[in-house]
Amino acid sequence: GAGVSQSPSNKVTEKGKDVELRCDPISGHTALYWYRQSLGQGLEFLIYFQGNSAPDKSGLPSDRFSAERTGGSVSTLTIQRTQQEDSAVYLCASAWTALPVYGYTFGSGTRLTVV
Amino acid sequence: ELKVEQNPLFLSMQEGKNYTIYCNYSTTSDRLYWYRQDPGKSLESLFVLLSNGAVKQEGRLMASLDTKARLSTLHITAAVHDLSATYFCAVVLDYGGATNKLIFGTGTLLAVQP
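Since this is a predicted model, take the numbers as computed values, not measurements.

This next bit is on the packing of aromatic side chains. Residue and element names in this part refer to chain A. Inspection of the entire model under this criterion finds twelve aromatic pairs over all chains. Centroid distance Y33 to Y104: 5.3 Å. Interplanar angle 80 degrees. Geometry classified as edge-to-face. Of this pair, Y33 sits in strand β4 (residues 31-37) while Y104 sits in the loop between β8 (88-95) and β9 (105-106), placing them 71 residues apart in sequence. Neither residue differs from the other here; Y33 and Y104 are each classed as buried.

Given below as structure tokens:
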């Protein structure tokens, strides 16, 4: 597709349940990021994938969070045993390279609400 | 640890006025990005600054980068209501290193009043 696609756009889940958030980057983009944005806050880095290199997981807030990227394309962010503080918008971004001269393209995000 | 700070955090300005948003970062990097976010929307790329002294302009917005001072500015000229949004700067950590983590500033909420 022409842009970064994220699904679902909205997700309401009960506390303690697991959720999976999906990101389809722009075809050919090797770099992929996940960020979390809480209401009225900035963007918190979660994880970064670059090509076939080991991902930078340094921003994942706890071991309940994990992410994978299959075939260098689609990425899934999984949150296990969700807590209310996980409620936020989760944004995915992709780029041609690790240091893009044209910047990063963001998806529309998944709004996660844990009740 | 890379820190990226913006000021002001909130800016209320009148239409027609000029103002500057500042972005300071704590480590060496010569690649900086500016983004705009409208309420409830995703991020829109505004500028990519790739070297010391880089200056980019688009309409009423002009961005510059001083890598020696670790400072970027976003200057608004003759503000109009349509510029109301949150503006973020972002810096790449470990440029050229094993990771290229993109770290965002705190954001500046701009409200342009008629």
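There's more to say after this.
Our next topic: the pattern of salt bridges. Across all of its chains, the model carries six salt bridges over all chains by this definition. The residue K17 of chain A makes a salt bridge to E14 of chain A at a minimum N-O spacing of 3.9 Å. With relative accessibility at 46%, the residue K17 of chain A sits in the partly exposed group. R36 of chain B is paired through a salt bridge with D38 of chain B; the nearest N and O atoms lie 2.9 Å apart. Residue class for D38 of chain B comes out partly exposed when judged on its relative accessible area of 25%.

This brings us to the sheet that holds strand β3 (residues 19-24) of chain A. Within a sheet, neighbouring strands are paired by backbone hydrogen bonds and run either parallel or antiparallel to one another. Residues and elements named next belong to chain A. The strand order across the open sheet built from four strands is β1-β3-β7-β6, with neighbouring strands paired in antiparallel fashion. Strands with a single pairing partner mark the edges of an open sheet, and in this sheet they are β1 (5-7) and β6 (65-69). Pairs of neighbouring strands in the sheet enclose a mean axial angle of 15 degrees, with direction left out of account. Across five bridges, β6 lies against strand β7 (residues 75-79) in antiparallel orientation.

Let us now look at the interface of chain B and chain A. Every contact between the two is made by 20 residues of chain B and, on the other side, 21 residues of chain A. Summing the contributions of chain B and of chain A, the shared interface buries around 1,600 Å²; its carbon and sulfur component is 59%. Summed over the shared surface of chain B and chain A, the result is one salt bridge. Two residues, D56 of chain A and K101 of chain B, come together in a salt bridge whose shortest N-O distance is 4.0 Å.

Now for the state of the cysteines. For the structure shown, the criterion picks out two disulfides over all chains. Here C23 of chain A pairs with C92 of chain A through a disulfide, and the sulfurs are 1.9 Å apart. What sets the handedness of the C23 of chain A and C92 of chain A disulfide is the S-S torsion sign, and at about -65 degrees it is left-handed. With C23 of chain A in strand β3 and C92 of chain A in strand β8, this residue pair connects regions lying 69 residues apart in the sequence. With respect to burial, C23 of chain A and C92 of chain A carry one shared label: buried. Disulfide pairing is shown between C23 of chain B and C89 of chain B; the S-S distance is 2.0 Å. One disulfide, between C23 of chain B and C89 of chain B, carries an S-S torsion of 80 degrees and so falls in the right-handed class. One end of the pair, C23 of chain B, is in strand β3 (residues 19-25); the other, C89 of chain B, is in strand β9 (residues 85-92), with 66 residues separating them in the sequence. Both residues of the pair, C23 of chain B and C89 of chain B, belong to the buried class.

Attention now goes to the environment of S27 of chain A. Residue and element names in this part refer to chain A. Here S27 is to be found in the loop between β3 and β4. The exposed category is assigned to S27, whose relative accessible area is 61%. In the structure, S27 is positioned 21 residues away from Q6 in sequence and 14 Å away in space, judged by C-alpha atoms.

This part covers a nonpolar patch on the surface. A contiguous nonpolar surface patch, about 320 Å² in accessible area, is contributed by V101 and Y102 of chain A together with L50 of chain B. Turning to its location among the elements, Y102 of chain A is positioned in the loop between β8 and β9.

This paragraph deals with the layout of surface pockets. Volume-wise, the largest pocket comes out at about 640 Å³. Along its surface, the largest pocket is lined by 31 residues, and Q37 and G40 of chain A together with Q37, P39 and G40 of chain B are the ones closest to its centre. Put simply, the parts of the chain that give the lining of the largest pocket at least two residues each are β8 and β10 (110-114) of chain A together with β9 and β11 (108-113) of chain B. Partitioning the lining of the largest pocket into residue classes produces nine nonpolar, 19 polar and three charged. There is about 260 Å³ of room inside the second largest pocket. The dominant element in the lining of the second largest pocket, judged by the number of residues it contributes, is strand β5 (residues 43-50) of chain A, at three residues. The residue makeup of the lining of the second largest pocket, split by class, is seven nonpolar, two polar and four charged.

Criteria and cut-off values
- Residues numbered from 1 in each chain as written.
- Chains lettered and ligands numbered in written order.
- Predicted model: local features only at pLDDT ≥ 70, side-chain atom pairs only at ≥ 80, totals over all residues.
- Heavy atoms only, no water.
- Phe/Tyr/Trp six-rings, centres within 6.5 Å; stacked < 30°, edge-to-face > 60°.
- Helix = DSSP H or I, 4+ residues; strand = E, 2+ residues; numbered from the N terminus.
- Buried < 20%, exposed > 50% of the residue type's maximum accessible area, 1.4 Å probe, protein only.
- Salt bridge = Lys/Arg side-chain N within 4 Å of Asp/Glu carboxyl O.
- Pairing = 2+ DSSP bridges.
- Axes fitted to C-alpha atoms, helices over the stretch in contact; angles between N-to-C directions.
- Contact = heavy atoms within 4.5 Å.
- Buried area = accessible area lost by both parts, 1.4 Å probe.
- Disulfide = S-S within 2.5 Å.
- Patch = residues over 30% accessible without salt bridge, like charges linked within 9 Å, V, L, I, M, F, W, Y side chains within 5 Å.
- Areas by Shrake-Rupley, 256 points an atom, 1.4 Å probe, with all protein chains shown as cover.
- 1 Å grid on protein atoms, 1.4 Å probe; cavity = no way out; pocket = protein on both sides within 12 Å on 5 of 7 lines; lining within 4 Å.
- Points joined across faces, edges and corners; volume = space filled by probe spheres on them.
- Nonpolar A, V, L, I, M, F, W, Y, C, P; charged D, E, K, R; others polar.

Any functional reading would require information that these geometric values do not contain.
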